[in-house]
Amino acid sequence: MTDTMTWTQSIVLGALQGLTEFLPISSSGHLRIASELMFGEDAGASFTAVTQLGTEAAVLLFFARDIVRIIAAWFRGLFDADERDLDYRIGWYVIFATIPIGLIGYLFKDEIRTSGRNLWLVAVMLIVFAGVFWLAERYGKKQRPLEKLTLRDGLTMGAAQCLALIPGVSRSGATASAGLFLGLEREAAFRFSFLLAIPAVTASGLFSLPDAFSPSGSGMEATGPQLLVATLVAFVVGYAAIAWLLKFVGSHSMNWFGGYRVILGVTLIILLSTGVIPAT
């Protein structure tokens, strides 16, 4: 039996999704923790995936000019070798880099929705990837702008994106860290990270729509209007989060987020150890 989600739950979780999707602190991990802590039940992986459509709509709007330019350049470059500029190449990089997460997400979809949402795993990933952020900031040269992006960069960041299937990792954190290790400037790494997320997250949200209304695993069941409102809330909050994050990373390191992740991870371990909340 799955419980019916309330309007308060759907709005709060939608806002949390919008706030945390782009910050490197793991939106899926935060929704998993918040729903268990505040409401005593998992909101479900499908609800998370569907509300991500709202945050991806925010990306589409925020980067609309870039996206239109890249798509136009990609089509032009297919038929004219002289038109194969940076935008054309980025179009291909996004396509190729999306293949790994598509395959792994499909092959392990059941594990992602069940055992992958264990809160012990979330806590460990929050702390472990705080360390990854520190290493990326410490050893990444951060010298190469987006104009220097290569296919190797795109494929490496695409492979890193697969780690985001584990709640607690963070899609933007994993891909941006990979970009920093490759020597990309911090803002360039985050910009490509946002572009890279569009096809994967959109496909995941659409694929999860049927399960969101009738969860096959753990998770509360949301109504159509609740899903719509939660997705709209995620869109509005997500748009503001993108604008803030791009300004922030221009002059601040990812270690600020790493420190927060450690605090949250340790707090979660304490809550689990003392039985305040269950792991599953």
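The structure displayed is predicted, hence computed values, not measured ones.

**Observations regarding the overall build of the protein chain**
Okay, so step 1: Along the backbone of the protein chain there are 12 helices and 0 strands.
Okay, so step 2: When the elements of the protein chain are put in sequence order from the N terminus, they spell out α-α-α-α-α-α-α-α-α-α-α-α.
Okay, so step 3: For 280 residues, the compact-globule formula gives about 19 Å, and the C-alpha radius of gyration of the protein chain, at 18 Å, lands near that figure.
Okay, so step 4: Once the C-alpha set of the protein chain is aligned to its principal axes, its extents read approximately 60 × 40 × 35 Å.
Okay, so step 5: Sorting the 280 residues of the protein chain into buried and exposed places 52% on the buried side.
Okay, so step 6: Nonlocal contacts in the protein chain, meaning residues at least 24 apart in sequence, comprise 80% of its contacts between residues at least 6 apart.
Okay, so step 7: Carbon together with sulfur atoms contributes 68% to the accessible area of the protein chain, which is approximately 12400 Å² in total.

**Topic: the UniProt feature "transmembrane region" (unreviewed entry) in the protein chain**
Okay, so step 1: The positions that UniProt labels "transmembrane region" (unreviewed entry) are, in the present scheme, residues 90-107, 119-136, 188-207, 227-246 and 258-277.
Okay, so step 2: Counting secondary structure, residues 188-207 comes out at 100% helix and 0% strand; the distance between its end C-alpha atoms is 30 Å.
Okay, so step 3: The annotated region residues 227-246 carries 100% helix and 0% strand content, and the separation between its end C-alpha atoms amounts to 28 Å.

**Some details on helix 12 (residues 255-273)**
Residues spaced three or four apart along an α-helix face the same direction, because each turn holds 3.6 residues.
Okay, so step 1: Between its terminal C-alpha atoms helix 12 stretches 27 Å, which fits the 27 Å expected from 19 residues at 1.5 Å a residue.
Okay, so step 2: Those residues of helix 12 that sit buried are F257, G258, R261, L264, G265, L268, L271 and L272. Within helix 12, the buried residues cover an arc of 145° as seen down the axis, which keeps them to one side. Residues of helix 12 that are exposed and point more than 90 degrees away from the buried face comprise W256, I263 and S273.
Okay, so step 3: Residues of helix 12 that are buried sit in contact with helix 2 (27-39), helix 7 (119-139) and helix 11 (224-249).
Okay, so step 4: Looking one or two residues beyond helix 12, the residue adopting positive phi is G275, at roughly 80°.

**As for the pattern of salt bridges**
Okay, so step 1: According to the stated counting rule, one finds 9 salt bridges in the structure shown.
Okay, so step 2: The closest approach of N and O atoms between R32 and E36, which form a salt bridge, is 2.8 Å. Remark: E36 and R32 occur in helix 2; sequence separation between them is 4 residues, near one turn of the helix.
Okay, so step 3: The class of R32 is buried, set by a relative accessible area of 2%.
Okay, so step 4: With a relative accessible area of 7%, E36 lands in the buried category.
Okay, so step 5: Its salt-bridge partner being R144, residue D153 comes within 2.3 Å of it at the nearest N-O pair.

**Details of the packing of helix 8 (residues 151-161) against helix 9 (residues 171-181)**
Okay, so step 1: Contact geometry for helix 8 and helix 9: axes closest at 8 Å, N-to-C directions at 150°. Here helix 8 lies roughly antiparallel to helix 9, going by the angle between them. Helix 8 and helix 9 meet at a crossing whose hand is right-handed. Note on element contacts: helix 9 touches helix 8 through R171, A174, T175, A178 and G179, opposite T156, M157, A160 and Q161.

**Some remarks on the nonpolar core**
Okay, so step 1: Counting 44 residues, the largest nonpolar core has I90, F190, F192, F194, I242 and L245 as the members making the most contacts within it.
Okay, so step 2: Those elements giving two or more residues to this core turn out to be helix 3 (45-62), helix 4 (64-79), helix 5 (86-107), helix 7, helix 8, helix 9, helix 10 (186-213) and helix 11.
Okay, so step 3: Dropping the residues within four chain positions of it, F192 is found in contact with I90, Y93, V94, L146, L149, G154 and M157.

Parameters and conventions
Residues numbered from 1 in each chain as written. Predicted model: local features only at pLDDT ≥ 70, side-chain atom pairs only at ≥ 80, totals over all residues. Heavy atoms only, no water. Helix = DSSP H or I, 4+ residues; strand = E, 2+ residues; numbered from the N terminus. Rg over C-alpha atoms; globule rule 2.2 N^0.38 Å. Buried < 20%, exposed > 50% of the residue type's maximum accessible area, 1.4 Å probe, protein only. Contact = heavy atoms within 4.5 Å. Areas by Shrake-Rupley, 256 points an atom, 1.4 Å probe, with all protein chains shown as cover. UniProt positions renumbered as here; feature names shortened; annotations may be inferred. Expected span 1.5 Å × (residues − 1). Arc of directions from axis to C-beta. Salt bridge = Lys/Arg side-chain N within 4 Å of Asp/Glu carboxyl O. Axes fitted to C-alpha atoms, helices over the stretch in contact; angles between N-to-C directions. Parallel < 35°, antiparallel > 145°, perpendicular 65-115°, else oblique. Left-handed = near helix turned anticlockwise from the far one by under 90°. Core = buried A, V, L, I, M, F, W, Y, C linked by side-chain atoms within 4.5 Å.

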